[in-house]
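Chain by chain, the residues run as shown.
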Amino acid sequence: MSDVIEEQATRYAAGEMFPGRTWDELSEAEQAEAREQAQELLRILGDPPPRKAANDN
């Protein structure tokens, strides 16, 4: 899983868990909690299937 996907999932989880607050407004403990929730979600979803190239038929 790429770092970008993990970062996006973490910030999404934080937004759902702590609505109305930005990432920078969260405490380190709250950020860690959001990170754990995102990792669990990504674990459940698993790795995405590989993308087909445009010229693959």
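To be clear, the structure that these remarks concern was listed above.
Note that the structure is predicted; figures quoted are calculated from it, not measured.

Conventions used here
Residues numbered from 1 in each chain as written. Predicted model: local features only at pLDDT ≥ 70, side-chain atom pairs only at ≥ 80, totals over all residues. Heavy atoms only, no water. Helix = DSSP H or I, 4+ residues; strand = E, 2+ residues; numbered from the N terminus. Buried < 20%, exposed > 50% of the residue type's maximum accessible area, 1.4 Å probe, protein only. Contact = heavy atoms within 4.5 Å. Areas by Shrake-Rupley, 256 points an atom, 1.4 Å probe, with all protein chains shown as cover. Salt bridge = Lys/Arg side-chain N within 4 Å of Asp/Glu carboxyl O.

A. How the structure looks around the overall build of the protein chain. Assigned secondary structure in the protein chain consists of two helices and zero strands. Relative to its full complement of 57 residues, the protein chain shows a buried share of 21%. Intrachain contacts of the protein chain at a sequence separation of at least 6 include 45% that bridge at least 24 residues. On the protein chain, roughly 4700 Å² of surface is accessible, and the fraction owed to carbon and sulfur atoms is 49%.

B. Region of interest: the pattern of salt bridges. Throughout the structure, instances matching the rule amount to three salt bridges. Arg-11 is the salt-bridge partner of Glu-7, the closest N and O atoms lying 2.7 Å from each other. Here Glu-7 and its partner Arg-11 are both found in helix H1 (residues 3-17), four residues apart, which amounts to about one turn of the helix. Relative accessible area serves as the criterion here: at 37%, Glu-7 is assigned to the partly exposed category. Salt-bridge contacts for Glu-40 lead to Arg-43; the nearest nitrogen and oxygen are separated by 2.8 Å. Taken together, the positions of Glu-40 and Arg-43, both in helix H2 (residues 28-45) and three residues apart, correspond to about one turn of that helix.

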